[in-house]
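Each chain, letter by letter, is given below.
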Amino acid sequence: MKPTINAIMMAAGKGTRMKSLDATKSKVAFDLLGVPLVRHVLNALKPMNIDTVYSIVGHGGETTERIVKDDSVVVWQREQKGTGHAIMQVAPYLAGKQGTTLIVSGDTPLITTASLQHLVDTHLEGNFDLTILTSVVDDPFGYGRMVRTKDGKLTGIVEEINATDEEKNIREINTGFYVFNNEKLFRYLNELPPNPKNGELNITFLVKMFIEQGFHVGTDTVASFEETLGTNDRAQLAEARRILQKRINHQHMVNGVTIENPDNTFISPHVTIGQDTVIQSGVYLIGDVSIGVGNLIGANSMIENSTIGNRNVIESSKIIDSSLGDDNHVGPNAHLRGHTKIANQCRIGNFVELKNAVLHDSVKAAHLTYLGDCEIGEDTNVGCGTIIANYDGKTKHHTSIGKHVFMGSGTTIISPVTIADEVIIAAGSTINENVEKRAMAIARSKQTNKPGFYDHWMKKIGKK
Ligand code: UD1
Ligand code: CA
């Protein structure tokens, strides 16, 4: 029978070092490439064979709860009295039970499944009661130090605030990931002494207690320190972003995607990009994004929660919650949002905004246009400066425009209207009634010319 492995993620801390004005925001809700910090940790746990994940939330807990509740059992730590106190909150679920418990921190987003699995395997194969994931770093400041005797035997972990000058020189640090014999963890948790410096109950004090009890305590060294970087302040957060960005971009490049300036390209985890797509500098691909083959994603484009087909050219544009088929040209400076759907071979030009618009094949809206809450049939040409006035101040209305329609420049459409196929709309028209098939609609006042008016006017204003 496989041993039961549960996990506890500590995510209740105050995050004082983030220095946020927003008291409802927890450190672990900070964004890292479009994903909150805690979600990165939960995602690393996902492929492992874990029975139940318990997420401890507290400071800014409502926000954290919303982020973690689909993948874990939420446990509240109402007052944050330290990492040991955090784990105690899970006692109603796990105290007295056999099995193995993996403890992780919600503020270490770069940890990989492979390293967590290695830690668990080391623990199980070594028959340990406690196994600590450690790392050797150049600058151990702020981390708990692994204290060992001269012959290398571990005696405990000393926190930065408790460390002597000599201990501060220790470069082997506690990464904040542990695997415990569950029954022993909860048996000794209640006996934790408070940290004399700040009164907190630190999980790290258990190490010494376990060793004194003669329990079997082991360590596992993480493959790369980068994985266990804590994101306690915004400088560390930027460092984590740099590392994760490098990791993600590298993977896309070896898969056949051109990223022209990987140091300045931000791609969320789980974004998919097809071969021969070229990504220029300053691009953000955030959230749930899937991009096909052979696209050009131009400089400074931002694409969020959207699907892009194949061979599109997207120049410096913003695309949110939308989808594109194949062979479209978008931008420069277009804005697609609100579940806009573009089929194939469309041309969406500069300063064109589309909101909840469905465009069939070969629609052209090349310049300075707003199309909101509408459906437009294939091969229709939307003239420069067309506006769909979809909002009457209270309700958004829908407009439907047929196939092969030619709309002149400066058309204003007051929704809701239905324009049939093969209609011509004269430039400058304001359309607020339906137009039938093959008709031309012209809705503008007739022009009158006043001969000789120029001289009359100049005299009047005293210039002649
Ligand atoms: C902790 C370790 C330190 C280790 C480092 C690795 C302790 C006492 N120290 O220090 O040895 O080197 O991690 O990154 O454990 N949390 C709660 N409730 C609390 C306090 C904290 O849930 O009452 C959570 C935080 O949200 C965070 C995690 O526990 O996700 C770690 O807390 P943090 O304050 O960041 O500890 P460090 O100072 O980084
Ligand atoms: Ca930390």
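The structure we're discussing is the one just above.
Residues numbered from 1 in each chain as written. Chains lettered and ligands numbered in written order. Predicted model: local features only at pLDDT ≥ 70, side-chain atom pairs only at ≥ 80, totals over all residues. Heavy atoms only, no water.

Quick notes on the site of ligand 1
In step 1: Lining the immediate surroundings of ligand 1 are 25 residues, of which Gly 13, Gln 77, Thr 83, Glu 159 and Asn 174 lie closest.
In step 2: In this structure, Ala 12 approaches ligand 1 through a main-chain N or O atom, which is 2.8 Å from an oxygen atom.
In step 3: The protein chains hide 90% of the 750 Å² of surface that ligand 1 would expose on its own.
In step 4: Secondary-structure elements contributing two or more residues to the shell around ligand 1 are strand S1 (5–11), helix H3 (83–88) and strand S10 (172–181).
In step 5: Per-element accounting of the shell around ligand 1 gives the leading share, three residues, to S10. (Near = heavy atom within 4 Å. Polar contact = N/O pair within 3.5 Å; in protein donor to acceptor, adjacent residues only side chain to side chain. Areas by Shrake-Rupley, 256 points an atom, 1.4 Å probe, with all protein chains shown as cover. Helix = DSSP H or I, 4+ residues; strand = E, 2+ residues; numbered from the N terminus.)

Considerations on the pairing of strand S4 (residues 53–57)
In step 1: Counting buried residues in S4 gives five out of five residues, a clear majority hidden from the surface.
In step 2: Residue alternation in S4 divides its side chains into two sets, Val 53, Ser 55 and Val 57 and Tyr 54 and Ile 56, and both sets are buried.
In step 3: Pairing of S1 with S4 involves five bridges; the strand directions are parallel. Note on S4: the bridge partner recorded for Ala 7 is Val 53.
In step 4: Pairing analysis gives four bridges linking S4 to strand S5 (residues 73–76), with the strands arranged parallel. (Buried < 20%, exposed > 50% of the residue type's maximum accessible area, 1.4 Å probe, protein only. Pairing = 2+ DSSP bridges.)

Here we look at the coordination of the calcium ion (ligand 2)
A metal bound by six donors in octahedral fashion has ideal angles of 90 or 180 degrees, whereas one bound by four tetrahedral donors has an ideal angle of 109.5 degrees.
In step 1: Only Asp 107 (OD) and Asn 232 (OD1) from the protein coordinate the calcium ion (ligand 2), and they sit 2.4 to 2.5 Å from it. Linking Asp 107 in the loop between strand S6 (100–105) and helix H5 (113–125) with Asn 232 in the loop between strand S11 (217–221) and helix H9 (234–254), this pair joins segments that are 125 residues apart in sequence.
In step 2: Judged by relative accessible area, which is 14%, Asn 232 ranks as buried. (Donors = N, O, S within 2.8 Å, 3.2 Å for Na, K, Ca; no water.)

Some thoughts on the side chain of Arg 39
In step 1: As for its position among the elements, Arg 39 is in helix H1 (residues 37–45).
In step 2: Those residues in contact with Arg 39 that lie beyond four places of it in its chain are Lys 46, Ile 67 and Asp 71. (Contact = heavy atoms within 4.5 Å.)

So, the environment of Asn 305
In step 1: For Asn 305, the location among the structural elements is in the loop between strand S19 (302–304) and strand S20 (307–308).
In step 2: Owing to a relative accessible area of 35%, Asn 305 belongs among the partly exposed residues under this scheme.
In step 3: Expressed as a C-alpha distance, the spacing of Asn 305 and Val 271, which sit 34 residues apart in the sequence, is 9.4 Å.
In step 4: Once residues lying within four places of it in the same chain are set aside, the contact partners of Asn 305 are Ile 286, Gly 287, Asp 288, Val 289, Asp 321 and Ser 322.
In step 5: Only 2.8 Å separates the side chain of Asn 305 from the backbone nitrogen of Asp 288, close enough to count as a polar contact.

A closer look at the side chain of Thr 131
In step 1: For Thr 131, the location among the structural elements is in strand S7 (residues 130–136).
In step 2: A relative accessible area of 0% places Thr 131 in the buried class.
In step 3: One polar contact links Thr 131 to His 123, side chain to side chain, over a distance of 2.7 Å.
In step 4: Excluding its chain neighbours within four sequence positions, the residues that come into contact with Thr 131 are Leu 119, Thr 122, His 123, Phe 177, Tyr 178, Val 179, Gly 218, Thr 219 and Asp 220.

Quick word on the pattern of salt bridges
Oppositely charged side chains are able to pair whenever their charged atoms sit close together.
In step 1: A complete count under the given rule lists 16 salt bridges for this structure.
In step 2: The residue Lys 81 makes a salt bridge to Glu 79 at a minimum N-O spacing of 4.0 Å.
In step 3: Overall, the relative accessible area of 37% leaves Lys 81 in the partly exposed class.
In step 4: We classify Glu 79 as exposed; its relative accessible area is 52%.
In step 5: Members of the salt-bridge network, linked through shared partners, are Arg 39, Lys 46 and Asp 71. (Salt bridge = Lys/Arg side-chain N within 4 Å of Asp/Glu carboxyl O.)

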